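# Structural features, examined
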Amino acid sequence: MKKFLIFLGILVFALPESAIAQDVRKIDLQTAVNIAVTNNIDIESAKMDVDIAKNSVKAANRLQNPEFNMFHNFGAAGRGNPQTFGFTQTVEVLKRGARKKMAKAALQLTKENTALSVFGVKMDVRQAYVNLVAAKSILNCLEQQQQLLEELMLIAQKRVDAGAAPEIEVIQAKIALNQMITEVNSARADVKSALFGFNRALNPKNNPQTLFDTEDELLTNSFIDIKIPDLKDNFPRFDSISENTLEKRFDIKIAQNEVEVAKKNLVTVTRQRIPDLQIQGGYGYQPKNYSEQDRYLSGGYVGASLVNLPFFYNYSPEIKNAKIQVEQAQLNLASTRNKALNDLHSAYEQLVTAKINVNYYNDKLLKDSGELIRISKKSYEVGKTNITSLIVMEQAYRSIAVGYTGALTDYYDCWIDFLRQVNTEEFELIKQDVNIEELRPDEAV
């Protein structure tokens, strides 16, 4: 076993660095979005659906292939009868145009679905970027608290050595520090998890050995690439937002296109009842030995017939299904509008609440708690307070500091979710009708 471990260690040491670790490349948010748009595997697959739909339009516009016919008599049956060869062409009546229009409607539907997929990937990348920076911010906050507790333990040890404090204070400081170390370790694991979540959102088809990381290390309220509303700005009323944004949503456009596809399909299916025209034409001849006039005779022939006459089957089941599909698509459109309005309203309320919470941290909690922990630490150093009170203060401050990062992360996430609901990458809150600063702080969730 020992020899095997030594061999394994030599093997790992001999491997190139790329075999045991990925290259890490730090990028900003805009670069991350560009990488996703150009290299994301899911987007590449979605774009192929558009190419398929374009080919379907060409297929729908096809002409029927002709048929080659030959008629030859043998023996006495051929005497006086012509031998013929020619072509038969089926001409669709009022079907090809309807089929092409339906394929074009399906193409537009595919384009909207693809646009929604691209938009979704962009939003996923933005959210994953913010979550990774937020995880880094929490880790940084906990590391600062770990440093504070390390300083506290040194102070406690000095006080104990000087006979100014009992030994139990050092034990309390060690317990608090060890607990903080476990929290820092968990935060480091959260950063790694968020890092892989960020790369999962990017999902590039190139550079599989490259691990992308965020250029930003701390979450602030001034991301250049995500223009969140200023924390002191007022919000417009919901009605002014919903009036102008619902019809621009991808899901509503998709539902509208589904109605058009269903209507075009109804026309296409209904026209199956119309008979097609079949035209024949060719060359006919009689060899001399089969001709009653004892000479070679030749000429041509033409003919026409109606085919696919709806006598035994008139496509009634298909037509009924197509009508039901139109009604179904119209119901889906109404349902999509209703759900979109509720989703947008929910995202708006969440955004307002998240903004209230961040402002409450800024105005009421962060400044006072930071000053309190500074004063408490100084008081303990000079023996005016005990270590238990200081540790309690540190835990409260840690909770507030981490909570602020969480609140700011929620504000970004709510803003990104709001952008998802209005289906745009940027949205200007122009009207200022609602002063959220006038809302009661206890309304914050």
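What you are looking at is a predicted structure, and each value in this text was computed from that prediction instead of being measured.

## A closer look at the nonpolar core
- Judged by nonpolar contacts, the single largest core of 84 residues is most densely connected at Val125, Phe198, Ile226 and Phe418.
- Mapped onto this core, the elements with two or more residues apiece are helix H3 (29-39), helix H5 (96-161), helix H6 (168-202), strand E4 (210-214), helix H7 (238-245), helix H8 (250-270), helix H9 (316-381) and helix H10 (387-422).
- Among the elements that take part in this core, H5 stands out by supplying 18 residues, more than any other.
- Aside from chain neighbours lying at most four places away, what touches Phe198 is Ile27, Ala32, Val125, Ala128, Tyr129, Leu132, Phe212, Asp213 and Thr214.
- One finds Val50, Val57, Ala60 and Ala103 within the second-largest nonpolar core, a separate group that totals 6 residues.

## Some points on the sheet that holds strand E5 (residues 276-286)
- Pairing is antiparallel in the open sheet, where 4 strands are placed in the order E2-E3-E5-E6. The open sheet is flanked by strand E2 (67-71) and strand E6 (297-307), the only strands paired with a single partner. Each neighbouring strand pair of the sheet contributes to a mean axis angle of 20°, computed without reference to strand direction.
- Where strand E3 (residues 83-91) and E5 come together, 9 bridges link them in antiparallel fashion. Note on E5: the bridge partner recorded for Val91 is Leu277.

## A short note on the confidence of the model for the protein chain
- The predicted model of the protein chain averages 85 in pLDDT, with 87% of residues at 70 or higher.
- Least confident of the elements in the protein chain is helix H1 (residues 2-14), whose mean pLDDT is 38; most confident is H8, at 96.
- Across residues 1-20, where pLDDT falls below 50, the model places 3 contacts with residues more than four positions away in sequence or in other chains.
- pLDDT under 50 marks residues 431-445. Its contacts with residues more than four places away, or in other chains, come to 31 contacts.

Conventions and cut-offs
Residues numbered from 1 in each chain as written. Predicted model: local features only at pLDDT ≥ 70, side-chain atom pairs only at ≥ 80, totals over all residues. Heavy atoms only, no water. Core = buried A, V, L, I, M, F, W, Y, C linked by side-chain atoms within 4.5 Å. Buried < 20%, exposed > 50% of the residue type's maximum accessible area, 1.4 Å probe, protein only. Helix = DSSP H or I, 4+ residues; strand = E, 2+ residues; numbered from the N terminus. Contact = heavy atoms within 4.5 Å. Pairing = 2+ DSSP bridges. Axes fitted to C-alpha atoms, helices over the stretch in contact; angles between N-to-C directions. pLDDT = per-residue confidence, 0-100.

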